[in-house]
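Geometric and topological summary
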Amino acid sequence: MTHTLHTIRDWLRYAVSRFENSDIFYGHGTDNSYDEAVWLVMSTLHLPHDTLENFLDARLTTEESQHLATLIEKRVTEHTPTAYLVNEAWLRGYKFYVDERVIVPRSFIAELLENGLQPWVEFPEMVESAADICTGSGCLGVLLAEAFPNAHIDVVDISPDAIDVCNINIGRYGLEHQVQAVQSDMFTALKGRKYDVIISNPPYVDAPSMAELPAEYRKEPQLALGSGIAGLDHTHTLLTQATEYLNDGGILVVEIGHNRDALHEAYPDLPFTWLDTSGGDQFVFMLTKEDLLEAGLHAE
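Residues numbered from 1 in each chain as written. Predicted model: local features only at pLDDT ≥ 70, side-chain atom pairs only at ≥ 80, totals over all residues. Heavy atoms only, no water.

Rule in force here: UniProt positions are given in the numbering used here, feature names are shortened, and annotations may be inferred rather than shown by experiment.
The protein carries the name Ribosomal protein uL3 glutamine methyltransferase in an unreviewed UniProt entry, which gives Methylophilus rhizosphaerae as its organism. The record held by UniProt for the protein lists under Function (unreviewed entry) the comment "Methylates ribosomal protein uL3 on a specific glutamine residue."

Shown next, in the form of structure tokens:
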């Protein structure tokens, strides 16, 4: 019956109704049917989201209507995240290319980079090198380049597909001179490199949670989500190997999801500094190289 829908207003109403009458899961950029519909409709039509009021009564072409109907159907029946349907995701006002080769960007670390990780980094302009480990789409690497304009940035991921997506985003922001995508299993291909700042939003979903993920999250690369029974396998690697790759005075910033209690249990002597984000102070920690060394954490 979509042939009776003519304007953007019509299609928004239809999309919201379909979403409300479905069991789709939100969480890849929106948390409700209306915002999801606006994102899907406006991005499909290549219109800025903040111009919605100007175009509500604009009519779609037949080709546009057919394409939009297909995408709405995929969102509802296949549970494909909107980010994959329109090949875009937003993080702190930055738009990134994404597809099924990478997880949809979402990280509290993005908030912390808006002020250059201050006060933990006193002079952002003096940071000369930084790395994002398990980078996915490279989004945090782009934000690192914005926060630390004088730094060389390495964005690192084990997946060659993710590296391809990284290079798309690096190119779109014209950062080829500053940001390098490196295919590596964590630190293995980084021998000899040193950084003032290492950040990571690694896989951290524990095994029980992996088994209960909504269908939308199952569309994402599972390699980028799960991290062992307790969800800490990648974090263990970061904590035990980071000192080899941090300059003196360097810092490690890691997002760990809901694993704070398990992390404290595993490392009772580590002086974690938990950073305030919009989600609270439970999800991102910071440690200095010296913190790690004093706790005896270093590569064998």
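Here the narrative resumes.
1. Section: helix α11 (residues 233-241)
We count it as follows: Burial here depends on accessible area, computed with a 1.4 Å probe over protein chains only, as a share of the maximum for the residue type. Under 20% is buried, over 50% is exposed, and the range in between is partly exposed. The helix and strand labels rest on DSSP assignments: H or I over at least four residues marks a helix, E over at least two residues marks a strand, and numbering proceeds from the N terminus. Regarding the arc, it is the one traced by the directions from the helix axis to the C-beta atoms. Residue contacts are defined here by distance: any two heavy atoms, one from each residue, within 4.5 Å place the two residues in contact.
Looking only at α11, the buried set comprises Thr235, Leu238 and Leu239. One side of α11 carries all its buried residues, which in axial view fall inside an arc of 95°. Buried residues in α11 make contact with β3 (129-133), β6 (195-200), β7 (246-255), α12 (260-266), β9 (284-288) and α13 (289-294).

2. What about the domain arrangement of the protein?
Heads up, the condition is: Delimitation of the domains relies on an automatic or database domain assignment. A simple way to read buried area is as the amount of 1.4 Å-probe accessible surface that goes missing from two parts once joined, with both sides added. For this document, the term salt bridge refers to a Lys or Arg side-chain nitrogen within 4 Å of an Asp or Glu carboxyl oxygen. Pairing of N or O atoms within 3.5 Å defines a polar contact, subject to two protein rules: one partner must be a possible hydrogen donor and the other a possible acceptor, and residues neighboring in sequence count only if both atoms are side-chain atoms. Each residue receives one of three labels: charged for Asp, Glu, Lys and Arg, nonpolar for Ala, Val, Leu, Ile, Met, Phe, Trp, Tyr, Cys and Pro, and polar for the others, Gly being one of them.
As assigned here, the protein comprises domain 1 (8-86) and domain 2 (100-295). A C-alpha centroid distance of 32 Å is found between domain 1 and domain 2. Contacts between the two partners involve eleven residues from domain 1 and, on the opposite side, twelve residues from domain 2. Interface area, domain 1 with domain 2, both sides summed: about 990 Å², of which 63% is carbon and sulfur. Where domain 1 touches domain 2, the interface holds one salt bridge. In this structure, Glu216 engages Arg75 in a salt bridge whose closest nitrogen and oxygen atoms are separated by 2.9 Å. One can count seven residue pairs in polar contact (both at pLDDT 80 or more) joining domain 1 with domain 2. Within the residue set of the side of domain 1 that touches domain 2, elements represented by two or more residues are α4 (62-78) and α5 (82-86). Its residues assigned to classes, the side of domain 1 that touches domain 2 shows five nonpolar, four polar and two charged.

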